[in-house]
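# Secondary and tertiary structure notes
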Amino acid sequence: METVQPRIEASWLEQLKEEFAKDYFTSLKQFLISEKNHYQIYPPGPRIFAAFDATPFEKVKVVILGQDPYHGPGQAHGLCFSVPAGIQKPPSLVNIFQELNTDLGIPIPNHGNLESWAGQGVLLLNATLTVRGNQAGSHQKKGWENFTDEVIRILSRRRDALVFILWGSYAQAKTELIDSSKHLILKSAHPSPLSSYRGFFGCRHFSMTNEWLQQKGKSPIDWKLNNI
């Protein structure tokens with residue numbers, strides 16, 4: 001039986017086509033169909049693979065790894081830590097902007113839409129790509145982690161000199177998937193208010209990322225977000 005491929009950017013479809021044919025992904029699709037029939041699911045269907053659509057495979061320079069999409073109305077739009085313009089900035093994102101300001105002197109923007117980062121090669125990847133409304137973690141261990149772990153492995157194997165930014169213990173557990181001899185791995189506490197003062201503030205990951213990219217002959221990321 002022919003596999004129905006998800007709607008995802010062409011270069012990623014080529015890289016991940018074997019994953020879409022695996023049994024776990026078929027089970028995941030059936031789970032999501034069932035969930036959608038009974039619950040509000042975030043992000044909206046066309047935005048589930050938004051991180052891949054915004055950052056084609058060959059354009060990736062940096063990977064920032066999150067855990068789950070936001071589970072409140074209007075928040076999740078497929079990019080980890082990001083919210084659409086007009087939606088209040090969640091606490092972790094407020095802390096990310098505070099560190100960015102301290103690190104590079106970049107003004108704190110009046111919105112939390114990180115699409116301009118994605119367009120420059122920052123893959124904003126959640127480990128789990130969907131969530132049930134108002135139920136954090138509700139789609140964990142349903143198959144998404146298998147999929148996104150393979151995304152990390154493929155990037156590690158098939159690309160060179162990337163930066164992997166791992167905030168918090170959950171993200172740091174992915175270290176074993178990454179070849180540290182060819183990529184830069186940056187680790188710190190999570191930007192959540194619960195842990196940000198335990199090593200996230202002062203980590204300087206934004207400037208360190210750009211220093212590495214420039215050392216490798218790549219253009220740095222313009223982390224500044226224009227006000228809307």
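Residues numbered from 1 in each chain as written. Predicted model: local features only at pLDDT ≥ 70, side-chain atom pairs only at ≥ 80, totals over all residues. Heavy atoms only, no water.

The subject of this paragraph is the packing of helix H4 (residues 91-104) against helix H8 (residues 205-215). One can describe the packing of H4 onto H8 by two numbers: an axis separation of 8 Å at closest approach and a directional angle of 60°. With respect to H8, the axis of H4 lies oblique. Residues Ile-96, Glu-99, Leu-100, Asp-103 and Leu-104 of H4 form the contact with H8, whose own contacting residues are His-205, Phe-206 and Ser-207. (Axes fitted to C-alpha atoms, helices over the stretch in contact; angles between N-to-C directions. Helix = DSSP H or I, 4+ residues; strand = E, 2+ residues; numbered from the N terminus. Parallel < 35°, antiparallel > 145°, perpendicular 65-115°, else oblique. Contact = heavy atoms within 4.5 Å.)

Before going further, it helps to spend a moment on the environment of Ile-48. Tracing the chain through its elements places Ile-48 in the loop between strand E1 (41-42) and helix H3 (50-54). Owing to a relative accessible area of 16%, Ile-48 belongs among the buried residues under this scheme. Separated by 28 residues in sequence, Ile-48 and Ala-76 have C-alpha atoms that sit 9.2 Å apart. Apart from the residues within four sequence positions on either side, Ile-48 is in contact with Pro-43, Leu-129, Thr-130 and Trp-144. (Buried < 20%, exposed > 50% of the residue type's maximum accessible area, 1.4 Å probe, protein only.)

Let us look at H4. Helical periodicity: at 3.6 residues per turn, an α-helix aligns residues three or four positions apart in one direction. Taking 1.5 Å of rise per residue, 14 residues should cover 20 Å, and H4 covers 20 Å from first to last C-alpha, within 8% of that figure. Taken residue by residue, H4 has Ser-92, Leu-93, Asn-95, Ile-96, Phe-97, Glu-99, Leu-100 and Asp-103 as its buried positions. Its buried side turned inward, H4 meets helix H5 (115-119), strand E5 (163-167) and H8. Immediately downstream of H4, the backbone of Gly-105 shows phi near 70°, a positive value. (Expected span 1.5 Å × (residues − 1).)

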